[in-house]
Amino acid sequence: MKRLSFIVAFSLLLFPSVYADEGMWIPLLVGKYNLDAMKAKGFKLTAEDIYSINQPSMKDAIVMFGRGCTGELISPNGLLITNHHCGYGMIQYHSSVEHDYLSQGFWAMSLEEELPCPGLTVTFLNRIEDVTQRVLQGVESDMDEAIRQSMIQANSKTIADSAIANSNLTASVEPFYYGNQYFLFVYEVYSDVRLVGAPPSSIGKFGGDTDNWTWPRHTGDFSLFRVYADKDNQPAPYSAENVPYKPKRYFPISTKGISAGDFTMVYGYPARTEQYITSQAVHQVANVSNPVKISLRQTRLDIMKNYMMSNDTVRIKYASKHAGVANAWKKWIGERNGLIRLNAIEKKEALEQQFSQWVNETQERVEEYGYLLPRFSELYGQREHYLKADDLRREAFAAVEINRFALQFTRLVEEYYTGSEPDLALIEKQSKGLIASTRRFYKDYYSPIDREIFQMMMRYLSEHLSDSLQPKALKGLIQQYNADWQKITAKYFDESLFADSTKLIYYLSNFDRKAANYMKTDLVYTLNAQFDSLFNEKVVTPFQMVNDELTVLYRTYMKGLMEMQPNRIFYPDANFTLRVAYGNVEGYSPCDAVDYLYYTTLEGVVEKSQMGVYDYEVPAKLLELHKAKDYGRWAVNGTVPVSFSATNHTSGGNSGSPVVNAQGHLVGVNFDRVWEGTMSDIMFDPAMCRNISIDIRYALFIIEKYAGATHLISEMTLIQ
Ligand code: ARG
Ligand code: GLU
């Protein structure tokens, strides 16, 4: 042990850069920029094994799962693993009080028992291409920005269209480095995806919101799905005739486990990072936006929890909503703390100082870059007002479920108020769609929760929004009821069409001018329509204009930074395209006197379960397995490994991403980051930033010993 840490310390001195694990890299360019560093860390394969268009490669085994997660294929028969929290919506969709798969878990014991998941898709990446030159064709450096943008849009569309002509593929062209480069992504979408297995939430969501975003972690955060295709292995909508998809490539699974220092790679779809924003932008995240958003969500969560604890139906209805609200809430807290601890604002200021000096060294640079920092400063000054208002719109106004819902009706109703004849085809289409979303909305709606949230949020809005941003209908209510929020709430909910789904569906089924007129007098409809148009005009539009100009400035700023630091390899911000992150298995020290190990075990699950905390309840069967030490082939040193931490740079969207070892074998499934490292979307700290993965052996143990679904393990390729 001593010897190992000596070697590590020594090599740190020699190769400091080898240990900087920051970065989410473009798979296509790994060979050019990253392979040497990856090899130095232990990686044994080639760039072609990661991404290739000539042969099956790892990318063919990875999917964008739904619209916000990653998943990977683990058998020749289309079996897919992702996180429990990624499959959560679907597990909930299939759950009822009678079949409570959220609480009990679900295991299909044969293909016939696998459950179709309407609306769920998985998206395979077909190829990536650098199309910068083609996108920028005709673009001049001194061009008007609006003309430039429309040219880029037109070029991008031509490129994407021609990439998918005569195929069932989809494509998009995405800007990188704020539009200094452009890449084409061609995808293939499969839409028959079925639920195969999920542990009970007491395993898959063990630790719940108490442990979310923290280490040490004991969550068995995985679920299993299967991709189906038509008889030619092509994408097809759900059909009983469809058969399991045969992937070009799937991940073999290593059961050898991981040790401290082992190479790991996380390959998936991180959604959004902002690594290059200025000090003022960081200030606005840490000190303006996050504090308000955190406290508003706290209020909302307390209300939901209260009702969920006392009623099982409500608990199921609100499980997914609550988890979603809590997730960002907790992340923002960690992010703010991390930015402050890292002195992120000061660090950015120092960089800006350096940039200024560098710019002032030559007249040429002054001309190209001299205006940037002063203009950033002006724009961020303007932005703060809009940001605050927009946060209130999202986190207070739209926190009221019925508000978000009512807004969907404006398109339909306003069609009768355009001054010309209403488009009947459009009306028919709109009302059909709204009937479906009304059914969906009320399935998981519990109005006592929404009423209480309305009361808290609207009161907050009325006290914090400038007078000019308060809709007339809201001011009217406050005046009429003398700011008695109980009465205002009763009025808002009791008399509205939106309080009665049957009536609403009745109106939608026979929608005509009379219905539109009636809707127009509805209080919920009116207040929302007023709020929306007021905000669009006074907040959303100007805010967008400021943000658009900032993006343009960042394009030039990025170019300048790259020129100033010619030896640094810049990785592009995450933009929900496929990325490679690599690092090593490693613990960390979160604070003075504390050192965290890099792995957790079943012992920790049992320890926590004895604390009497709701989030730490464990199924009896798991406790029995533990008591009998009935671990079968999954025993390691008398227990079962559960999760591990590593230094890979990941973000939201990387949930469910494959974590592979130096040989490219699956050793884990990524599901979170540690609390002290959540600021890595803005600034990465090698000492604190760790991703958290479920040890694949824990998933296998649960599948085999807990669920007895050995047929699933037989499908996989285990490397022992
Ligand atoms: N924090 C993880 C991710 O960002 C997991 C979220 C799901 N778990 C939860 N308790 N809400 O998305
Ligand atoms: N749990 C996150 C997700 O859903 C991944 C964790 C992170 O943000 O790093 O994507």
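Residues numbered from 1 in each chain as written. Chains lettered and ligands numbered in written order. Predicted model: local features only at pLDDT ≥ 70, side-chain atom pairs only at ≥ 80, totals over all residues. Heavy atoms only, no water.

Cysteine pairs can be linked by a disulfide, which is a covalent bond between their two sulfur atoms. Under the counting rule described, the total for this entry stands at one disulfide. Linked covalently through their sulfurs, cysteine 69 and cysteine 86 form a disulfide whose S-S length is 2.1 Å. Disulfide cysteine 69-cysteine 86: the torsion about the S-S bond is -80°, which places it as left-handed. On the criterion of sequence distance, the pair formed by cysteine 69 in strand S2 (residues 69-73) and cysteine 86 in helix H5 (residues 84-93) is long-range, its members being 17 residues apart. Summarising the burial analysis for this pair, cysteine 69 and cysteine 86 share the class buried. Cysteine cysteine 117 remains unbridged, with the sulfur of cysteine 86 as its closest cysteine sulfur at 13 Å. (Disulfide = S-S within 2.5 Å. Helix = DSSP H or I, 4+ residues; strand = E, 2+ residues; numbered from the N terminus. Buried < 20%, exposed > 50% of the residue type's maximum accessible area, 1.4 Å probe, protein only.)

It is worth spelling out the pairing of strand S3 (residues 79-82) at this point. Neither face of S3 is open: one carries Leu79 and Ile81, the other Leu80 and Thr82, and all of them are buried. Of the pairings in the sheet, the one linking S2 to S3 comprises two bridges and is antiparallel in character. Note on S3: the bridge partner recorded for glutamate 72 is isoleucine 81. Joining the antiparallel neighbours S2 and S3 is a turn of five residues, in which glycine 78 adopts a positive phi near 75°. (Pairing = 2+ DSSP bridges.)

Right, let's talk about helix H23 (residues 513-521) for a bit. Of all the residues in H23, the buried ones are Ala515, Ala516 and Met519. Angular distribution of buried residues about the axis of H23 spans 100°; they occupy a single face of the element. Summarising the geometry of H23, the exposed residues directed more than 90 degrees from the buried face are Lys514 and Thr521. Packing partners of the buried residues in H23 comprise helix H17 (410-414), helix H22 (501-509) and helix H24 (523-564). (Arc of directions from axis to C-beta. Contact = heavy atoms within 4.5 Å.)

Attention now moves to the side chain of arginine 194. Residue placement: arginine 194 occurs in strand S9 (residues 192-198). Here the side chain of arginine 194 touches aspartate 192 through a polar contact of 2.7 Å, side chain to side chain. Those residues in contact with arginine 194 that sit more than four places away from it in its chain are Glu114, Leu115, Pro116, Cys117, Leu224, Phe225, Arg226, Tyr228, Tyr238, Ser239 and Asn242. (Polar contact = N/O pair within 3.5 Å; in protein donor to acceptor, adjacent residues only side chain to side chain.)

Of note, the bond from tryptophan 215 into proline 216 is cis; its omega dihedral lies within 30 degrees of zero at 0°. Here proline 216 is to be found in the loop between helix H10 (208-211) and strand S10 (223-229). Look at tyrosine 178: it is not a glycine, yet its phi comes out positive at around 55°. As for its position among the elements, tyrosine 178 is in the loop between strand S7 (170-176) and strand S8 (181-190). You will see that asparagine 343, though not glycine, has its phi angle at about 55°, which is positive. Mapped onto the elements of the fold, asparagine 343 is located in the loop between helix H12 (312-341) and helix H13 (344-359). For asparagine 343, a relative accessible area of 40% corresponds to the partly exposed category.

Moving on, we come to the confidence of the model for the chain. Confidence in the prediction for the chain averages 95 pLDDT; 97% of positions are at 70 or higher. Counting interchain partners and residues more than four positions distant, the pLDDT-below-50 stretch residues 1-19 has seven contacts. (pLDDT = per-residue confidence, 0-100.)

The next thing to look at is the pattern of salt bridges. Applying the stated rule across the entire model yields 41 salt bridges. Salt-bridge contacts for arginine 217 lead to aspartate 672; the nearest nitrogen and oxygen are separated by 2.9 Å. Of the two residues, arginine 217 sits in the loop between H10 and S10 while aspartate 672 sits in strand S20 (residues 666-673), which places them 455 residues apart along the sequence. Aspartate 672 shares its class with arginine 217; the two are buried. Aspartate 444 serves as the salt-bridge partner of lysine 443, at 3.9 Å between the closest nitrogen and oxygen. (Salt bridge = Lys/Arg side-chain N within 4 Å of Asp/Glu carboxyl O.)

Attention now goes to the site of ligand 2. If you check the shell around ligand 2, you find His85, Trp213, Thr650, Ser651, Gly652, Gly653, Asn654, Ser655, Phe671, Asp672 and Arg673 and nothing else. For ligand 2, an oxygen atom lies 3.0 Å from a polar atom in the side chain of histidine 85. Glycine 652 places a polar main-chain atom, nitrogen or oxygen, 2.9 Å from an oxygen atom of ligand 2. When ligand 2 is considered free in solution it has 290 Å² of accessible area, and contact with the protein chains removes 92% of it. Here the shell around ligand 2 gets three residues from one element, more than from any other, and that element is S20. (Near = heavy atom within 4 Å. Areas by Shrake-Rupley, 256 points an atom, 1.4 Å probe, with all protein chains shown as cover.)

Looking now at the nonpolar core. Ile50, Leu224, Phe355, Leu622, Tyr698 and Phe701 are the most contacted members of the largest nonpolar core, which totals 112 residues. Per-element tally for this core: the top contributor is H24, with nine residues. Discounting chain neighbours no more than four positions away, the residues touching tyrosine 698 are Ile203, Gly220, Leu602, Val605, Leu622, Val640, Pro641 and Val642. With 61 residues, the next largest nonpolar core counts Val314, Phe397, Ala399 and Tyr445 among its residues. (Core = buried A, V, L, I, M, F, W, Y, C linked by side-chain atoms within 4.5 Å.)

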